[in-house]
Every structure is written in C-alpha cells, then in structure tokens.
Amino acid sequence: TEMANRTIGSGTNALGSSIVLTCRPRLAGAPIATLREFTTALAAELPVALREMVGGFIAAVDLDQAVIGPGMAIFSRYTRVIEPNTGESMTVGRALQLISEAVGTFFGGIVGSLDRDTQFCVKWFELHGLDVGKYPEAEQLATVRNLVVDTLADHQLLESKHGSVRLYGVDDYIHRYVSHDPATDQHSSVWQACHYLAAALIDKDGGEAAAARIARRLGGLAHDAVALAYHLFAVCNAPNSKWSREGQAYNALTDAWPAIQVAMAEVAREERQQQGRLV
C-alpha cells in the first residue's frame, strides 16, 4: 500500500503508511466500568503506547489513527463503560473523543516539562502561529513564565519591534542552522532545536545527513525537539489553521527521525575517522 512501484496500482497514488488494528475476542466475564475507571486507565496506559510511537516509526500525520489501537484496547476490555449522568453505555464515538483528549493531555505534559522559552513559544504559536501579535500580550505571557520579551528577541526566538511581536518559524531557521553551534550557545531551547532540525531537513541543500549533523551537536535536545514536533504538527493540523506548510515541516521531521538517527551513527563514524587522521 505504501510502495510507489507496487505491482497492483503501479504509477498511482500510494499511501504514506498503513495502520493495522488487530482485533481479539473480549475475555469472558469482562467487567463493567465507570467513566472514572476508563479515564484512569487511559491516563495510566495510553502514555506508554504514545512514548513508543513518538520518535519511533509513526509520523505525526499518522499518530491520530495509530493511537486508536491502544486506546480502543482499553475501552473494549470492558463489557460496557457507564456514563455517569445518564447511566447509558458509552458510545464508540465518545470513547474516541476521550482518547483524543488523553493524547492532548500527554503532549501538554511534554510541553510543560520543557524550558520556559519553549513553553512561551508554543503558547504564542497556539494563539497566533507566525502572525504578528501585540507586544503587551506577549509581555503578559512572558511575565507569567518569568521571562522578558526583549530577552527572547535577543535569543533570536522572535522579532520584536514597533509594539509588535512575530515568532520565528522554520523558514527563518534555514539560513541559521549551518552555523549554529549548541556548544557555544548559552540559551539553547527545545523550540530552537526543533526548528534547526526541521530547517536542515527541508532545506534544498540539506536533508537527512544535514539534520543528523545538527542532531549530533544538539545532543539530548534533539529527542525533545522531535517530541515537540508532534505537538506542533497537531496545532498546525487543527481546524481553520493556515499553517499547513509549517505542519508539513514538523511532520517531515517526525517521519525522518529514524533515518536521521541512522545517519547520526554514520556521522559519528566519520568524525572518529577524521580524528584518527588528525592524530
């Protein structure tokens, strides 16, 4: 279904990926659950599945479909899930809604654990995307996080002038990633790491090898950056969003991350060989 040169349908559109759900009979004597029991199980178990998917072989564009499997595995282990207000059985549609909300909570937790600069940028992006916004609103969001807008501008996270603020996006990082050195950057953030990687990947002079070199220099920030890309893709993919180009860049990063990790190993080998020649 994914290979463009497959025998059946060669030359026609191919899927980016296929999501396969395995269905097994429910155990005999399966219990009835309350809404609280179901949502508690979701909160405990779904993050385990999501952590396996994020940074693995599931691209951001496929995550909503892929998470149906582990989410519905929890829902369908019960004979029924009882809605508290009506006493009726929960519908599949309602279960899928709660699964989606649990995914949002998972990524909200990831963002909340990141550096304050990144938290500010994510919140601003959720509100304004890359559009220009008012300085007082930015200052308010920054103050809550013990930040200063002008300092964020000095760190090259955003542009601030004439009472307006604009967040820098992937295209703004294309001309920066080659010269960026996290070892000398005292203000590296996950937001910047995500955008350096995405810019290196989509640049016509870049690609997976270029992104791998950036990832090597970023160290542990690179893994957090890929996790952030999943969340940013979801923001770009929301109804009425106009940031599809940005979303494509974030999805490309999540999709290419396994290949980038393989390329990182090759970059490391080349660096060792280079050091050996210098010695």
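Numbers given for residues are sequential positions, taken from 1 along each chain in its written order. Per-residue local features are limited, in this predicted model, to residues with pLDDT of at least 70; the limit for side-chain atom pairs, both in listing and counting, is 80 or more; totals at the level of whole chains, interfaces and linings are taken over all residues. Derived side-chain values reflect all non-hydrogen atoms in the structure, with water molecules and hydrogen atoms excluded from consideration.

*Asks:* Even after reading the chapter, I still don't get the overall build of the chain, so can you show me in this structure?
*Replies:* In terms of helices and strands, the chain carries 12 helices and five strands. Each principal axis of the C-alpha distribution contributes one length, and for the chain these read about 65 × 55 × 40 Å. Categorising residues by exposure relies on relative accessible area from a 1.4 Å probe, with only protein chains included: less than 20% of the type maximum marks a residue as buried, more than 50% marks it as exposed, and the intermediate range marks it as partly exposed. Sorting the 279 residues of the chain into buried and exposed places 43% on the buried side. Secondary structure elements follow DSSP: runs of H or I of four or more residues count as helices, runs of E of two or more count as strands, with numbering from the N terminus.

*Asks:* How should the sheet that holds strand β5 (residues 164-167) be read in this particular structure?
*Replies:* In any sheet, the strands associate via hydrogen bonds between backbone groups, in a parallel or an antiparallel arrangement. The antiparallel open sheet is built from three strands, whose spatial order is β3-β5-β4. Each having just a single partner strand, β3 (133-134) and β4 (158-161) make up the two edges of the open sheet. Each pair of strands is called paired provided DSSP finds at least two bridges between the two strands. One ladder, built from two bridges, connects β3 with β5; its direction is antiparallel. The partner of glycine 133 across the bridge, within β5, is valine 165. Note on contacts: a residue pair is in contact if any heavy atoms of the two residues lie within 4.5 Å. To get an axis, fit a line to the C-alpha atoms, keeping to the stretch in contact for a helix; angles then go from 0 to 180 degrees between the N-to-C directions. Most of the contacts of helix α5 (residues 116-128) go to β5, to which it runs at about 100 degrees, and overall it touches β3, β4 and β5.

*Asks:* Would you mind showing me how to read unusual backbone geometry here?
*Replies:* Negative phi characterises most residues that are not glycine, and trans characterises most peptide bonds. A positive phi angle is found at histidine 162, which is not glycine, with a value near 55 degrees. You can see histidine 162 is positioned in the loop between β4 and β5. By relative accessible area, histidine 162 is classed as exposed at 78%. One non-glycine residue, asparagine 240, lies in positive phi territory at about 70 degrees. Relative to the elements of secondary structure, asparagine 240 occurs in the loop between α11 (221-236) and α12 (244-278).

*Asks:* Explain the packing of aromatic side chains here, please?
*Replies:* When we look at a pair of aromatic rings, we describe it by the centre distance and by the angle of the planes. For Phe, Tyr and Trp, rings pair up if their centres lie within 6.5 Å, where Trp contributes its six-membered ring, and each pair is then called stacked (planes under 30 degrees apart), edge-to-face (over 60) or tilted (otherwise). Taken as a whole and judged by the stated rule, the model has seven aromatic pairs. Their ring planes at 65 degrees and their centres at 5.6 Å tell us that phenylalanine 38 and phenylalanine 75 sit as a pair that is edge-to-face. You can see phenylalanine 38 sitting in helix α1 (residues 35-53) and its partner phenylalanine 75 sitting in helix α3 (residues 68-75), a full 37 residues away along the chain. A residue is classified by how much of its surface remains accessible, and phenylalanine 38, at 0% relative accessible area, is buried. Judged by its relative accessible area of 11%, phenylalanine 75 falls in the buried class. Among the aromatic residues, ring-to-ring pairing joins Phe106, Phe107 and Tyr230 into one connected group. Positioned over the ring face of tyrosine 168 is arginine 176, at 4.7 Å from the centre of the ring. In this analysis the charged atom, NZ for Lys or CZ for Arg, is taken to sit over a ring once it is within 6 Å of the ring centre and within 35 degrees of the ring normal. Between the NZ or CZ atom of arginine 176 and the centre of the ring of tyrosine 173, over which it lies, the distance is 4.4 Å.

*Asks:* Help me out: how do you make sense of α1 in this one?
*Replies:* Note: α-helices contain 3.6 residues per turn, so residues at a spacing of three or four share the same orientation. Here α1 is 19 residues long and its end C-alpha atoms lie 26 Å apart, about the 27 Å a rise of 1.5 Å per residue gives. Along α1, the helix axis deviates most sharply at glutamate 45, where the bend reaches about 30 degrees; the proline proline 47 sits within four residues downstream. Those residues of α1 that sit buried are Leu35, Phe38, Ala41, Leu42, Leu46, Pro47, Ala49, Leu50 and Met53. Close packing links the buried residues of α1 with β1 (32-34), α2 (60-66), α3, β2 (80-82), α4 (92-112) and α11. One or two residues past the end of α1 sits glycine 55, with phi positive at roughly 80 degrees. Any helix carries an expected span of 1.5 Å times its number of residues minus one. A residue's bend is simply the angle between two axes: one fitted to the seven residues ending at it, one to the seven starting at it.

*Asks:* Is there a simple way to explain the pattern of salt bridges in this structure?
*Replies:* Opposite charge on two side chains permits pairing when their charged atoms draw close. Here a salt bridge means any side-chain nitrogen of Lys or Arg lying within 4 Å of a carboxyl oxygen belonging to Asp or Glu. Going through the model one piece at a time under the given rule, you end up with nine salt bridges. We note a salt bridge from arginine 94 to glutamate 83, for which the minimum N-O separation is 3.4 Å. Taken together, the residues arginine 94 in helix α4 and glutamate 83 in the loop between β2 and α4 connect sequence positions 11 residues apart. Here the salt bridges do not stand alone but share partners, grouping Glu159, Lys161, Arg166 and Asp172 into one network.

*Asks:* Even after reading the chapter, I still don't get the environment of alanine 28, so can you show me in this structure?
*Replies:* Of note, alanine 28 is situated in the segment before β1. Along the sequence, alanine 28 and threonine 79 sit 51 residues apart, while their C-alpha atoms lie 9.3 Å from each other.

*Asks:* What is the right way to look at the state of the cysteines in this model?
*Replies:* Here, a disulfide means two cysteine sulfur atoms that sit within 2.5 Å of each other. Enumeration over the complete set of coordinates arrives at zero disulfides. Free of any disulfide, cysteine 236 has its nearest cysteine sulfur in cysteine 194, 9.9 Å distant. Given a relative accessible area of 7%, cysteine 236 falls into the buried group.

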